[in-house]
Amino acid sequence: MMSVNLNFLGDIGLFKSYEDNNVEPVSEIHLPKSDFNIANFEFIGYDNTFNKNYFDVQIKYFPSLTFLDKCNLEKFDYLSLANNHIMDFGVEGIERNIHLLQKKNIYYFGFGCNENYNPAEIQKNNIKILLIGCIGKGRWSKGKNDGYGPDELDISKLTNFITTNKSQYSHIIVYPHWGSELVDVPNPTDIKKAHEIIDAGATAVIGTHSHIIQGVENYKNGVIAYGLGSFIYSPKEEFGYIKNKKREYSICFNIELDQESIVDYKVYYYLLDNKNIPRMVISPTKKEINYFNKLNTTIGNKSLYKRGKYISLLVREFYSLLLRFFINPRAAANHYLLYLKDKILL
């Protein structure tokens, strides 16, 4: 039987600390066997000629372009640019990084000036797959950056795009940047959207952004992995970091497809080591097994989601708010008015 095998990883956040500590994490990663590896390019390379696009951009998040060029990014065949940090240094920043990816023969998707979608295609063994990257509206949106930016997760537009194009492909896989940060229960709104995406004709929905792993759901003839967590990441470097062991886990979602359906999928769990390099969890403890299994049973639990969301807002965001006000009170006030509008009133 002819098939194609794909690995989907979560956020690739090559913090400046990797470079400062002379750690190149990509080369040390061991992934399950696959034909293609796909991930989210969370933090682009930085050059000191870049200007911040927003007042609260944290320079320590971003590796230098020189270091990024030396990294074995070629391990990833496709990188999504549909995330909330991609416009942190404006058009110049992302264009320089796109040039670097092209130099390394890495395909990117989920970003461009096309008003519709900027997907990528995978073809192997007469199996044709379309990858769609997308994210909800925000300061990174095309409408706020002269029409240039990540593709938008507009469910009506997205499902129409899938319906229109599905006859041309064996499979369509949607890779959204969504979910509430640090909440391991999927947002009920995202669950509804994921179901609509599968109903429109997609084979799989595989999410990133929450920086914590979430459950996996079989839905009709498709599959939904709600949150893969942060794959390469240094949580302690994050602005407003509060210790949370769960943040150190991530998922490699391996899916095998033939021309018509899902042949199989497997969930591989990873844990960051003391150098913040993700290592596969070969022999999980009983506690880890119980946690991983529990994630699948809490999908759709609205009360648990709300509790996790508001704990995250009250603890993490309040701490971050204090830090931001200390740095720049006026800009911080504007930032949080927009944040509350986007996160609470919806």
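How each quantity is defined
- Residues numbered from 1 in each chain as written.
- Predicted model: local features only at pLDDT ≥ 70, side-chain atom pairs only at ≥ 80, totals over all residues.
- Heavy atoms only, no water.
- Helix = DSSP H or I, 4+ residues; strand = E, 2+ residues; numbered from the N terminus.
- Buried < 20%, exposed > 50% of the residue type's maximum accessible area, 1.4 Å probe, protein only.
- Contact = heavy atoms within 4.5 Å.
- Areas by Shrake-Rupley, 256 points an atom, 1.4 Å probe, with all protein chains shown as cover.
- Lys, Arg positive; Asp, Glu negative; His and termini not counted.
- Charge placed at Lys NZ, Arg CZ, Asp CG, Glu CD.
- Patch = residues over 30% accessible without salt bridge, like charges linked within 9 Å, V, L, I, M, F, W, Y side chains within 5 Å.
- Salt bridge = Lys/Arg side-chain N within 4 Å of Asp/Glu carboxyl O.
- Phe/Tyr/Trp six-rings, centres within 6.5 Å; stacked < 30°, edge-to-face > 60°.
- Lys NZ or Arg CZ within 6 Å of the ring centre and 35° of its normal.
- Expected span 1.5 Å × (residues − 1).
- Polar contact = N/O pair within 3.5 Å; in protein donor to acceptor, adjacent residues only side chain to side chain.
- Pairing = 2+ DSSP bridges.
- Axes fitted to C-alpha atoms, helices over the stretch in contact; angles between N-to-C directions.

(A) The arrangement of the overall build of the protein in detail. Secondary structure assignment for the protein yields 8 helices and 16 strands. Expressed along its principal axes, the backbone C-alpha trace of the protein runs to roughly 60 × 45 × 40 Å. Looking at the protein as a whole, 57% of its 346 residues are labelled buried. Counting only contacts in the protein whose residues sit at least 6 apart along the sequence, the fraction spanning at least 24 positions is 74%. Carbon and sulfur atoms form 50% of the exposed surface of the protein, whose accessible area is close to 15,800 Å². Of the side-chain charges in the protein, 40 are positive and 38 negative, and the distance between the mean point of each set is 6 Å.

(B) Looking closely at a nonpolar patch on the surface. A surface patch of nonpolar side chains, about 470 Å² in accessible area, is lined by Ile242, Tyr310, Ile311, Leu314 and Val315. Mapped onto the elements, Ile311 comes out in helix 7 (residues 302-327).

(C) Region of interest: the packing of aromatic side chains. Counted by the stated rule, this structure contains 24 aromatic pairs. The interplanar angle of 90° and the centroid separation of 4.9 Å between the aromatic rings of Phe15 and Tyr233 together place this pair among those described as edge-to-face. Of this pair, Phe15 sits in the loop between strand 1 (4-12) and helix 1 (16-20) while Tyr233 sits in the loop between strand 13 (230-232) and strand 14 (249-257), placing them 218 residues apart in sequence. Taking relative accessible area as the criterion, Phe15 reaches 0% and is therefore assigned buried. Ring pairs connect the aromatic residues Phe15, Phe43, Tyr46, Phe50, Tyr61, Phe62, Phe89 and Tyr233, which therefore count as one cluster. One cation-aromatic arrangement involves Lys128 over Tyr169; the distance from NZ or CZ to the ring centre is 4.9 Å. It is Lys157 that lies over the ring of Tyr117; its NZ or CZ is 5.4 Å from the centre.

(D) Structural detail: helix 5 (residues 188-200). With 13 residues, helix 5 extends 19 Å from end C-alpha to end C-alpha; this agrees with the ideal 18 Å at 1.5 Å per step. Lining the buried residues of helix 5 we find helix 4 (155-165), strand 9 (171-177), strand 10 (204-206), strand 11 (216-219) and strand 12 (222-225). For helix 5, the N-terminal cap is Asn187; the gap from its side-chain oxygen to the backbone nitrogen of Thr189 is 2.9 Å. Of the residues trailing helix 5, Gly201 is marked for its positive phi of about 130°.

(E) Structural view of the sheet that holds strand 10. Taken in spatial order, the 6 strands line up as 6-7-9-10-12-11 in an open sheet, and their pairing is mixed. Of all strands in the sheet, those bounded by a partner on one side alone are strand 6 (120-124) and strand 11. Averaged over all neighbouring strand pairs, the angle between strand axes comes to 20°, with direction disregarded. Bridging between strand 9 and strand 10 involves 2 bridges; their strand directions are parallel. Note that in strand 10 the partner of Ile173 across the bridge is Ala204. Across the face of the sheet, helix 4 comes into contact with strand 7 (127-135) and strand 9 while running at roughly 170° to strand 7.

(F) Spatial organisation of the pattern of salt bridges. The final tally for this structure, using the stated rule, is 13 salt bridges. Residue Asp47 is joined to Arg96 by a salt bridge in which the shortest nitrogen-to-oxygen separation is 3.4 Å. Here Asp47, found in the loop between strand 2 (36-41) and helix 2 (65-70), pairs with Arg96, found in helix 3 (residues 90-103); they are 49 residues apart in sequence, far enough to count as distant. Overall, the relative accessible area of 36% leaves Arg96 in the partly exposed class.

(G) Highlighting the environment of Ile94. Locating Ile94 in the fold gives a position in helix 3. Ignoring any residue separated from it by four or fewer positions in sequence, one finds Ile94 in contact with Ile44, Leu81, Ile86, Met87, Phe111 and Tyr148.

(H) Representation of the pairing of strand 1. Most of strand 1 is tucked away, with 9 of its 9 residues classed as buried. By the bridge criterion, 5 bridges tie strand 1 to strand 14 in an arrangement that is antiparallel. The residue bridging Phe8 from the neighbouring strand is Phe253, located in strand 14. Inspection of the sheet shows strand 1 paired to strand 2 by 5 bridges, in the parallel sense. Its bridge partner lying in strand 2, Phe8 is registered against Ile38. Of the strand pairs in this sheet, strand 1 and strand 13 are connected by 2 bridges, and their pairing is parallel. Its bridge partner lying in strand 13, Ile12 is registered against Ile232.

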